[in-house]
Amino acid sequence: MKQALSERAVTERPMIEVIGLGHTYESRGVASRALEDIALTVQAGRFTVIVGPSGCGKSSLLMMMAGLRRQTEGTILVDGRPMLDPDPDRVGVVFQDANLFPWLSAIDNVAFPLMLRGLGRSERLDRASAMLELVGLGHAGARYPSELSGGMKQRVSIARGLVQDPPVLLMDEPFAALDEQTRMTMGEELLRIWSQTSKTVVFVTHSLSEAVYLADEVLVMSAHPGRIIDRIEVELPRPRTYEMMATATFGQLRDRIWRQIRSPQPGNPA
Amino acid sequence: MSRASMLAARLLLLALALGLWEALPRLGWVDDEILPPFSAVFVTALQLLQRPAIHGDLVTTGLQLGAALIISVPTGVLLGILLAENKRLAQVCEPLLYFLFSVPKSIFLPLFILTLGISFWQKVAFGCFSTILIVLMSATAAVRSVREEHVLTARSYGATRAQITRHVYLPSMLPVLLEALRLAVIFSTTAVVLAEMYASRSGIGQQIASWGESFMMRQLFAGVLIVSVTAIVINEFIRWIENRCSHWRS
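Residues numbered from 1 in each chain as written. Chains lettered and ligands numbered in written order. Predicted model: local features only at pLDDT ≥ 70, side-chain atom pairs only at ≥ 80, totals over all residues. Heavy atoms only, no water.

Undergrad: Describe the domain arrangement of chain B, and please don't skip the residues or the numbers.
TA: Residue and element names in this part refer to chain B. We note that the domain assignment places domain 1 (1-35) and domain 2 (36-145 + 172-249) within chain B. The C-alpha centroid of domain 2 is placed 28 Å from the C-alpha centroid of domain 1. The partner domain 2 presents eight residues to the nine residues of domain 1 that form the contact. On the domain 1 side of the contact with domain 2, Trp21, Glu22 and Ile34 bury the most area, a combined 51% of that side's loss. Summed over the shared surface of domain 1 and domain 2, the result is zero salt bridges. (Domains from an automatic or database assignment. Contact = heavy atoms within 4.5 Å. Buried area = accessible area lost by both parts, 1.4 Å probe. Salt bridge = Lys/Arg side-chain N within 4 Å of Asp/Glu carboxyl O.)

Undergrad: Could you give an account of the packing of helix 3 (residues 52-85) of chain B against helix 9 (residues 204-213) of chain B, naming the residues involved and the relevant values?
TA: Between two packed helices, what matters for the description is the angle formed by their axes and the separation of those axes. All names here are of chain B. Relative to each other, helix 3 and helix 9 sit at 125°, their axes nearing to 7 Å. As the angle between them shows, helix 3 and helix 9 are arranged oblique. The segment helix 3 lies against helix 9, with Ile54, Asp57, Leu58 and Thr61 engaging Ile204, Gly205, Gln207 and Trp211. Of the residues belonging to the contact of helix 3 with helix 9, the class tally is four nonpolar, three polar and one charged. (Axes fitted to C-alpha atoms, helices over the stretch in contact; angles between N-to-C directions. Helix = DSSP H or I, 4+ residues; strand = E, 2+ residues; numbered from the N terminus. Parallel < 35°, antiparallel > 145°, perpendicular 65-115°, else oblique. Nonpolar A, V, L, I, M, F, W, Y, C, P; charged D, E, K, R; others polar.)

Undergrad: Break down the interface of chain B and chain A for me, with residues and values.
TA: Each side of the interface is counted separately: chain B has 19 residues, and chain A has 20 residues. The contact between chain B and chain A buries some 1,900 Å² in all, and 67% of this surface belongs to carbon and sulfur atoms. In this structure, the connection of chain B to chain A is made through zero salt bridges. Counting the contacts that link chain B with chain A gives six residue pairs in polar contact (both at pLDDT 80 or more). Breaking the side of chain B that touches chain A down by element, the ones donating at least two residues are helix 7 (148-156) and helix 8 (161-198) of chain B. Tallying contributions element by element places helix 7 of chain B first for the side of chain B that touches chain A, with seven residues. The residue inventory of the side of chain B that touches chain A, partitioned by class, reads seven nonpolar, nine polar and three charged. (Polar contact = N/O pair within 3.5 Å; in protein donor to acceptor, adjacent residues only side chain to side chain.)

Undergrad: Now, about unusual backbone geometry: what can you tell me, with residues and values included?
TA: Residues and elements named next belong to chain A. Across the junction of His224 and Pro225, the peptide omega takes the value -10°, indicating a cis bond. Considering the arrangement of structural elements, one finds Pro225 in the loop between strand 9 (217-222) and strand 10 (227-233). Phi is positive for Arg28, which is not a glycine, with a value near 50°. A positive phi is found at Ser198, a non-glycine position, where the angle reads about 50°. Its place among the elements puts Ser198 in the loop between helix 6 (180-197) and strand 8 (200-205).

Undergrad: I'd like to hear about the side chain of Thr48 of chain A, residue by residue, with values.
TA: On the secondary structure map, Thr48 of chain A appears in strand 3 (residues 47-51). Thr48 of chain A sits in the buried class, given a relative accessible area of 2%. (Buried < 20%, exposed > 50% of the residue type's maximum accessible area, 1.4 Å probe, protein only.)

Undergrad: Can you lay out the sheet that holds strand 9 of chain A for me, pointing to particular residues and giving the numbers?
TA: Strands belonging to one sheet form pairs held by backbone hydrogen bonds; the direction of such a pair is parallel or antiparallel. Residues and elements named next belong to chain A. The six strands are arranged 6-7-8-3-9-10 in an open sheet whose pairing can be described as mixed. Where the open sheet ends on each side, the last strands, each with one partner, are strand 6 (91-94) and strand 10. Between one strand axis and the next, the sheet turns through 20° on average, direction left out of account. In terms of strand pairing, strand 3 meets strand 8 through five bridges, oriented parallel. (Pairing = 2+ DSSP bridges.)

Undergrad: Can you break down helix 8 of chain B residue by residue, with the values?
TA: Helix length check: helix 8 of chain B, at 38 residues, gives a terminal C-alpha distance of 48 Å against a target of 56 Å (1.5 Å per residue), a shortfall beyond 12%. A bend of about 45° at Leu174 of chain B is the largest found in helix 8 of chain B, and the proline Pro175 of chain B appears one to four places after it. (Expected span 1.5 Å × (residues − 1). Bend = angle between axes of the 7 residues up to and from the residue.)

Undergrad: How would you summarise the packing of aromatic side chains if you had to cite specific residues and measurements?
TA: Within a pair of aromatic rings, the relevant descriptors are the distance that separates the centres and the angle that separates the planes. Tallied over the full model, the rule gives 14 aromatic pairs over all chains. Measuring from centroid to centroid gives 5.8 Å for Phe38 of chain B and Phe42 of chain B, while their planes differ by 35°, and the two rings are tilted. Here the residue Phe38 of chain B and the residue Phe42 of chain B both occupy positions in helix 2 (residues 38-50), the gap between them amounting to four residues, near one helical turn. An aromatic cluster of at least three residues, connected via ring pairs, comprises Phe47, Phe175, Trp194 and Phe203 of chain A. Over the aromatic face of Phe101 of chain A sits the side chain of Arg160 of chain A, whose NZ or CZ is 5.4 Å from the ring centroid. (Phe/Tyr/Trp six-rings, centres within 6.5 Å; stacked < 30°, edge-to-face > 60°. Lys NZ or Arg CZ within 6 Å of the ring centre and 35° of its normal.)

Undergrad: Talk me through the confidence of the model for chain B; I want residue IDs and the actual numbers.
TA: Chain-level pLDDT for chain B is 92 on average; 98% of the residues reach the 70-or-more range. For this predicted complex, the interface score ipTM comes out at 0.86, while the overall pTM is 0.79. (pLDDT = per-residue confidence, 0-100.)

Undergrad: Can you break down the pattern of salt bridges residue by residue, with the values?
TA: Residues and elements named next belong to chain A. Here the structure, examined in full by the defined rule, presents 21 salt bridges over all chains. Between Glu36 and Arg227 there is a salt bridge whose closest N-O contact spans 3.1 Å. Taken together, the residues Glu36 in strand 2 (residues 30-43) and Arg227 in strand 10 connect sequence positions 191 residues apart. The partner of Asp216 in a salt bridge is Arg238, with the nearest N and O atoms 2.9 Å apart.

Printed below as a string of structure tokens:
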């Protein structure tokens, strides 16, 4: 873990660069400004959390990074190249509701991206079962999504996001639908998986505690139009523990985010 | 209730019904000229099934039914998908389709006879006419049952349009389409048999009608039994396939 950290420090290079991004959409002839003046850089191997009120465009921004939605202005570079269409070689996506295909077993869900690539069945299943092992579901490959709990579904979804070994994992409020306990466990699990795979993670949430607990850096967004109003380095040591949530540093960081969200900086109409 | 005792209870109910059917005419409570006992009907059915003429009738009805399904199901599915994919078209057509759906199809039967004569294809055409709307509406529902999130997920893994059709649309729609097929069998059987009973030279429906007219109650009941059992077997077979993919409609 420590070694991984120092390695990251040595080979520091930008994995995701968002440059001058803005987005305007039109609805019934009325143009609305959804995102404005977004600029951010995520270094390789870092865990970045975007937090903000609902409607601030944080999920839209993530979908743009995934190449699933096109912004009206600006550029997104992932691994140095523009992100114009979805590219599973560079980016894996984990959605809010896991979005597993109910007609496929857990292992076939994980293997789905490999099937699209035309890999042979045995290689697909080998790689998928290795991923299920990684997320702690090695025993549940044959089960169908309807037979899995919410937390297990989200683990399968993470395994699916990692199966092609992309350098970047984008996560859109992946734990929002889970109960508090499962959410805590999943946060811990995610950090363990992240430390084992050294992915670059961008994680969207509206939970302040989740943001501070997970992140190297927290980006705070405000709504109407969506813009980044604060960047916070979380200096808490890793591995993060549950006990850290009771420390003064943790509380201060969370308060700072909360104040930003509640009443954005002067000059920013909210 | 366990599965075994549930099955036992159902078999008991069936046995009771058949026993009542057997007992009523035998005990003289019902005239056996009107309701022959079950055992007599069953024996008659077995005898009828040995007769080449009846084979011919069943084959005719089966072919008409098969032709009606082969034409109406794919056409209905394609039109339904077209409608689901074109919002404008759907907005224009859907109310009219619902109106047409609520009209009993049987009142159009004389028109089919006038335009196509009393023929094989008249039965097929009437079968198609009676079936296609339900298939079309089910197919529209099937397309709309495809979840946008599943399409988005597949896209995020770089799926092409063809891959999305094959690996997301098709499996999402399959359970609804199987149900549509089952309904199509029920609707077109009703239509084909009705058309045969109304005016025909062959077919099991025509036989049943003529047994009824000549007061041949054993044959009439035997015909009813044969058609009922066949319809139930086909229906249950499709339902069995439906249930096999039940876990995908969570």
